[in-house]
Each structure stands twice: as structure tokens, then as C-alpha cells.
Number of protein chains: 2
Amino acid sequence: MTRIPQRTVERFFRYCQFLHTRLEAGSEFVFSHELAGAVGVSPEQVRRDLMNFRLKGTPQRGYPIKEFMGELYSHLESGSLTKMVLVGVGNLGKAILSYFLKRRPNLCIVAAFDLDPEKVDRVYSGCRVHHIGQLERTVSREKATVGIITVPASAAQEAADMLVRAGVRAIVNLAPAQLKLPPGVFLDQIDITLSIEKAAYFARKNSIKEQLR
Amino acid sequence: MTRIPQRTVERFFRYCQFLHTRLEAGSEFVFSHELAGAVGVSPEQVRRDLMNFRLKGTPQRGYPIKEFMGELYSHLESGSLTKMVLVGVGNLGKAILSYFLKRRPNLCIVAAFDLDPEKVDRVYSGCRVHHIGQLERTVSREKATVGIITVPASAAQEAADMLVRAGVRAIVNLAPAQLKLPPGVFLDQIDITLSIEKAAYFARKNSIKEQLR
């Protein structure tokens, strides 16, 4: 199986997201142009992506949603369980724990870590919080492969280093800090404050433009 | 003043973030290659960006951090107050409210909205929660220009429509739903679950590669 490029993986997950919504709304079929519009890519791109799948659509009804999702999931190999851990049980950490509880059967946060004695040994959304000193042992024992970082910026690199030493293969960092990781470990940075600052910048610009009209 | 492209704005905010950390750590000067390494862009890119500023560096010491930040902030025009509102006071919403309390003097979340009667009229991190029915009136009265959406996916488009009618110029959407907005309204989508699914995908791939070695 060849490695699918990151952008394609992202589109595939977005297709899944949209198809899931449609399925819940009672639809059985979808047209490629609907998918394109919803996901924000060109219809040509959707059709190119579709050529990877054994999927038969008709011009009258479009593509069968359930089979489509089956094909997507088999390409994304999300049939097997992926174990994840979360470092930093603040509000953001708790939001992620509660989101993943039950909603994604194949993605499971098996342990969380924090420094705060008030949080250690408590259970949030079904997930036990361990002291950060237990991180490396717990991650190795559980064979967790994904680490989610929701600590303050100043503690993010240290959390990442511990996760890498413990053997995780991929990290999602939500702390507003740039991390350095060894090659071969996948990293996705999500900087919520950066997005908000950008939005504020463009909001100011848009206001000025209107005033000048 | 010309409009700075989105990617440049993003780099400028990242420079600010790094310079802020350095300043807090007691540094007074920074080299362009340090900045490049920390922010993850090429030294050439940093030098091109620097040509926009009236900033004198020396080969021995690098650039003075305080003046550098002053130049960045004046380009980003973040001297004036930007008023924002937040829709959806779950864990994620609360995390954002607590982050912005006091930390960013020029970015202020002036109101939050929720449906839940338990939350309405309560104050979280200094921000009062109003019933969602008050959104349009409150946003217009406060002249808020940025909306942050932290509601469940199924309610995200409706929240966005209300924000746009009320006059916001920019939206940051953290709900896992693709939004449609009229042209001229800036949109940034942050999909935390998509990032985690992508990380899980690459973690699986990396594991398989190692097993094949």
C-alpha cells in the first residue's frame, strides 16, 4: 500500500465528514459536485480522487454513500484501533477528551497526564489522569502511538520530548509554541490564538476598506 | 496601507510569538537565522520580510527585539482594540475565554452566547454569557467584528449566519463543519478532530514502515 500524501488524506477525511452528515440526514446517494461544494475543492479533484476507488455511480443518482465511506475508510485504514494519549488536562484538554468519548470507535485516548495533584487520578470523560512522571512508562505499556499536547506553551517542548522518547509516531500540538521533533515523527500544529489574531487583523482591514468607500 | 497577504500576516504573528518568548527569557537581540529556525521558514524569507521594516541589525548582535516587535505590531495594526464574541460555551469555548482573559490587551471577547439556561447570565473568565437569541442585538451594539464559533457541528452554520447578519467581518470556526459565508467575510476553519485523525493515520503508516524494516 502506497503512502497517501497528507493533503489527500485530509480531503478523504473531509469527504468522510460530509458523507457522515448526509447519511445521518437520510441520504443514500451523493453527486461529486455536491461533495466538491461541501468540502471546498474542485469537481475535477473529486473525480480524480474517486478514480482510486472501486465505486460505481450513475449520472442520475450519483454515488452510493455507504460504499463510498467503506472505500474511504479502507484507504485510510481506520479499521484498526489507534491508541492516543493527551498531555495537559485544562479546558482544552477536557474538550478533546469529551469529544472523543465514544464518538470515534477506532480512536481512543487511553490515558491523560497532568502535573496538578487535584487532577491526578481523577477520571474525565472516561479517561484517567496520571501524573506526568508516569508518561513514558504508560505510553510504552499501552503502545500508544499518538500524543495530543494541550499544556501551556512553556511546557510543550518538554511534553513532546517525553512523548517521542516513549515511542509515539505522531503528535498534535495545540500549545502556541513551535516544536522541534526528530524526522519520522508526524507533527500537526494547531494554533488557535494565531487564527484568532489573523481573523482580528482581517476584520480591521475589512472595516477600514468599508470606511474608505 | 496595502493589504498584507494572509501567509505573511501569519508569519508576522509567528515572529511576534517567538520574539515575545525571547524577550521574556531576557534576550535583547535576535539573529534572522534564529527566527527562521524557530518559525520554520527559510532565512531568505525572513530577510525578505525584514526589508519591510525600518530596522537596523548588526552582524555581531542581530536585530533589536523591542524595535522589531514595534515594527511588526505597527504593520499588523494591532494597536487598536478588536472586539470579539464567542458562540458556544462548552469546554472548548471556556478554554478560549480563559486564554484571552488579560493576555491580549488589544483582543477582547466582549460577550459569549449559549442556549443552555444553566450557562446564560453566568460569567466565565470575566465574560458574560447571553442567550443566543440576544446575539444579533449584542454584536451590533458592541460593534464586535470577530466571531468565534465553538458550538457542535450541527449548529455551526446557523451561528455563522447570525454573526454575519449582525455585522462581523471575520469568523474563526472550531466546529467540525464546513461553513459557507458571503464573500468579504474572512473565515478560518480549525478542525481539531481532523488533525487528530490525520495524526492517527500517519502514526499507523509509520508503524507499518517500521515493521517492514
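A short note on the relation of the copies chain A and chain B
Here is step 1: Of the transformation placing chain A onto chain B, the axial shift is 0.0 Å and the rotation is 180°, giving an RMSD of 0.0 Å. Here the transformation between the copies is reduced to the relation of a two-fold axis.
Here is step 2: A shared interface surface links the copies, since 100% of the contact residues of chain A are contact residues in chain B too.

Some thoughts on the pairing of strand β8 (residues 170–173) of chain A
Residues and elements named next belong to chain A.
Here is step 1: Of the two faces of β8, the one holding A170 and V172 and the one holding I171 and N173 are both buried throughout.
Here is step 2: Bridge count for strand β7 (residues 146–149) against β8 is four bridges, and the pairing is parallel. The partner of I148 across the bridge, within β8, is V172.
Here is step 3: Note on the crossover from β7 through helix α7 (residues 153–166) to β8: the handedness is right-handed.
Here is step 4: Pairing of β8 with strand β9 (residues 186–189) involves four bridges; the strand directions are parallel.

Regarding α7 of chain A
Residues and elements named next belong to chain A.
Here is step 1: Between its first and last C-alpha atoms α7 spans 21 Å; for 14 residues at 1.5 Å apiece the expected length is 20 Å, and the two agree.
Here is step 2: Those residues of α7 that fall on the buried side of the exposure criterion are A156, A159, A160, M162, L163 and A166. Angular distribution of buried residues about the axis of α7 spans 165°; they occupy a single face of the element. Structural note: α7 exposes S154, E158 and R165 on the side pointing more than 90 degrees away from its buried face.
Here is step 3: If you follow the buried residues of α7, they end up packed against β3 (82–87), α6 (135–142), β7 and β8.
Here is step 4: G167 lies just past α7 and shows a positive phi near 105°.

Observations concerning the domain arrangement of chain A
Here is step 1: Here the domain parsing of chain A yields domain 1 (6–75) and domain 2 (82–193).
Here is step 2: Between domain 1 of chain A and domain 2 of chain A, the C-alpha centre-to-centre distance is 31 Å.

Quick look at the sheet that holds strand β4 (residues 107–114) of chain A
All names here are of chain A.
Here is step 1: Pairing is mixed in the open sheet, where seven strands are placed in the order β5-β6-β4-β3-β7-β8-β9. The strands lining the two open edges of the sheet, one partner per strand, are β5 (123–124) and β9.
Here is step 2: Of the pairings in the sheet, the one linking β3 to β7 comprises four bridges and is parallel in character. Directly across from V85, in β7, lies its bridge partner G147.
Here is step 3: Here α6 sits on the sheet and contacts β3, β4 and β6 (127–131); the angle it forms with β4, its principal contact strand, is near 165°.

Quick notes on unusual backbone geometry
Here is step 1: Phi is positive for K143 of chain A, which is not a glycine, with a value near 55°.
Here is step 2: Looking at where K143 of chain A falls in the secondary structure, it is placed in the loop between α6 and β7.
Here is step 3: Under the relative-accessibility criterion, K143 of chain A is labelled exposed at 65%.
Here is step 4: Notably, S125 of chain B is not glycine yet its phi reads approximately 45°, a positive angle.
Here is step 5: Topologically, S125 of chain B is positioned in the loop between β5 (123–124) and β6 (127–131).
Here is step 6: On the basis of relative accessibility, which here comes to 28%, the residue S125 of chain B falls in the partly exposed class.

Examining the confidence of the model for chain A
Here is step 1: Mean pLDDT over chain A stands at 88; residues scoring 70 or higher make up 93%.
Here is step 2: Confidence, read as mean pLDDT per element, is least for helix α8 (residues 192–212) of chain A in chain A (80) and greatest for β7 of chain A (98).

Concerning the side chain of T82 of chain B
Here is step 1: If you trace the backbone, T82 of chain B turns up in strand β3 (residues 82–87).
Here is step 2: On the basis of relative accessible area, T82 of chain B is assigned to the buried category, the value being 2%.
Here is step 3: Ignoring anything within four residues of it in the chain, the contact list for T82 of chain B reads A200 and R204 of chain A together with N106, L107, C108, T145 and V146 of chain B.

Points about the pairing of β3 of chain A
Residue and element names in this part refer to chain A.
Here is step 1: Burial within β3 is extensive, with five of its six residues counted as buried.
Here is step 2: In the sheet, β3 pairs with β4 via six bridges, with the strands oriented parallel. Considered in β4, the bridge of V87 is made with F113.

Re the sheet that holds β6 of chain B
All names here are of chain B.
Here is step 1: What the seven strands build is an open sheet, ordered β5-β6-β4-β3-β7-β8-β9; its pairing is mixed. Every interior strand has two partners, whereas the edge strands, β5 and β9 (186–189), have only one.
Here is step 2: Lying on the sheet, helix α5 (residues 91–100) is in contact with β3, β4 (107–114), β5, β6 and β7 (146–149); it crosses β4 at an angle near 155°.
Here is step 3: Against the sheet, helix α7 (residues 153–166) touches β3, β7 and β8 (170–173), its axis set at about 170° to β7.

Digging into the nonpolar core
Here is step 1: Membership of the largest hydrophobic core comes to 106 residues, with the highest contact counts inside it found for F68 of chain A together with F68 of chain B.
Here is step 2: Dropping the residues within four chain positions of it, F68 of chain B is found in contact with L19, V30, L35, L50, F53, L55 and Y63 of chain B.
Here is step 3: Within the second largest apolar cluster, 23 residues are counted, among which are I132, V139, V151 and A160 of chain A.

Quick look at the pattern of salt bridges
Here is step 1: Within this structure, the stated rule accounts for 18 salt bridges over all chains.
Here is step 2: When the shortest N-O distance is used, the salt bridge between R14 of chain A and E10 of chain A registers 3.5 Å. Of this pair, R14 of chain A and E10 of chain A both sit in helix α1 (residues 6–24), separated by four residues, roughly a single helical turn.
Here is step 3: The exposure class assigned to R14 of chain A is buried, which follows from its relative accessible area of 18%.
Here is step 4: Taking the relative accessible area as the measure of exposure, E10 of chain A reaches 24% and is therefore partly exposed.
Here is step 5: A salt bridge links E71 of chain B to R54 of chain B; the shortest N-O distance between them is 3.7 Å. Linking E71 of chain B in helix α4 (residues 65–76) with R54 of chain B in the loop between α3 (43–50) and β2 (63–64), this pair joins segments that are 17 residues apart in sequence.
Here is step 6: Within the structure, one salt-bridge network assembled from shared partners comprises E10, R14 and D188 of chain A together with K198 of chain B.

Quick notes on the rules
Residues numbered from 1 in each chain as written. Chains lettered and ligands numbered in written order. Predicted model: local features only at pLDDT ≥ 70, side-chain atom pairs only at ≥ 80, totals over all residues. Heavy atoms only, no water. Least-squares fit on C-alpha atoms with pLDDT ≥ 70 in both. Contact = heavy atoms within 4.5 Å. Buried < 20%, exposed > 50% of the residue type's maximum accessible area, 1.4 Å probe, protein only. Helix = DSSP H or I, 4+ residues; strand = E, 2+ residues; numbered from the N terminus. Pairing = 2+ DSSP bridges. Right-handed = clockwise from strand over helix to strand, strands pointing away. Expected span 1.5 Å × (residues − 1). Arc of directions from axis to C-beta. Domains from an automatic or database assignment. Axes fitted to C-alpha atoms, helices over the stretch in contact; angles between N-to-C directions. pLDDT = per-residue confidence, 0-100. Core = buried A, V, L, I, M, F, W, Y, C linked by side-chain atoms within 4.5 Å. Salt bridge = Lys/Arg side-chain N within 4 Å of Asp/Glu carboxyl O.

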